[in-house]
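Coordinates in review
Spelled out, the chains give:
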Amino acid sequence: MHIKNPQFTISAVSPKQYPQDNLPQIVLVGKSNVGKSSFINTLVNRKKLARTSSEPGKTRQINFYNIDDKFYFVDLPGYGYSKMSKQEQVRVGNFIEEYLQTSKNISLIIFLIDIRHEPTANDKLMYDYLFKTNLPCIVIANKADKIAITKVDSYVTKLQQTLNPLKDLTFLPFSSERRVYTQKIWKTIENKLPNLEI
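Residues numbered from 1 in each chain as written. Predicted model: local features only at pLDDT ≥ 70, side-chain atom pairs only at ≥ 80, totals over all residues. Heavy atoms only, no water.

1. Details of the overall build of the chain
The following threshold applies: The helix and strand labels rest on DSSP assignments: H or I over at least four residues marks a helix, E over at least two residues marks a strand, and numbering proceeds from the N terminus. The contact rule is simple, with two residues in contact once any of their heavy atoms fall within 4.5 Å. Per-residue accessibility takes into account occlusion by the displayed protein chains alone, with areas from the Shrake-Rupley method and a 1.4 Å probe. In this tally Asp and Glu are treated as negative and Lys and Arg as positive; neither His nor the chain ends contributes. A charge is said to be at NZ when it belongs to Lys, at CZ for Arg, at CG for Asp and at CD for Glu.
Within the chain one finds 5 helices and 7 strands. For the chain, the N- to C-terminal ordering of α and β elements is β-β-α-β-β-α-β-α-β-α-β-α. By principal-axis analysis of the C-alpha atoms, the chain measures approximately 45 × 40 × 35 Å. For the chain, long-range pairs separated by at least 24 residues make up 75% of all intrachain contacts whose partners lie at least 6 apart in sequence. Summing over all exposed atoms, the chain offers an accessible surface of approximately 10,600 Å²; the carbon and sulfur share of this is 47%. Averaging the locations of the 28 positively and 18 negatively charged side chains of the chain gives two centres separated by 5 Å.

2. Regarding the sheet that holds strand E7 (residues 170–173)
The following threshold applies: Following DSSP output, two strands are said to pair if at least two bridges run between them. Inter-axis angles, ranging from 0 to 180 degrees, are taken between N-to-C directions of lines fitted to C-alpha atoms, where helices are fitted over the stretch in contact.
Reading across from one edge, E1-E3-E4-E2-E5-E6-E7 is the order of the 7 strands in this open sheet, with mixed pairing throughout. If you trace the sheet from one side to the other, it starts and ends with strand E1 (6–12) and E7, each paired once. Pairwise comparison of adjacent strand axes, ignoring direction, gives a mean angle of 25° for this sheet. Across 6 bridges, E1 lies against strand E3 (residues 62–67) in antiparallel orientation. Its bridge partner lying in E3, Ser 11 is registered against Asn 63. In this fold helix H3 (residues 121–133) packs onto strand E2 (25–30) and strand E5 (106–114), with an angle of close to 160° to the strand it touches most, E5.

This is the structure we're talking about:
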């Protein structure tokens, strides 16, 4: 996959700020520090398109990235960050829910979880919420470089058995360090969105 000109478009907190061009939107969801920004940067082969931070929970707006005028990656603020005030958590939660309920251009949700750990209570709540939206969704088991490569498949299988025992969602490993997973991610996106013409 060769991305020519990915661009940061806008950080938004309300529908009037969302891009109005009706391009498909691929939405990234996951807890703080799960690596959504690094996921975007790796897929588009750019080091600093999506801003990464050593401080989890810093992204508190919805970030839209235009990918070659074909679609957007949409990075939602991470959840489960304890240092955010209760008031701020409610505010962020409200505009995330508003986006997921009102945007007409969501074509795929990519739900990132940490391959090393059992899904947290917040992961399970988010998974249940996403499942009820009936939007197309794939689950990415991120940070696969943190475990032995021979154990990756078994860890992914265990996560699927925990979250999705019916196995009706696609679960894939990923790592910003081990780029061997990138091509399969793109293939899966293309299969889920055949009209995207990536």
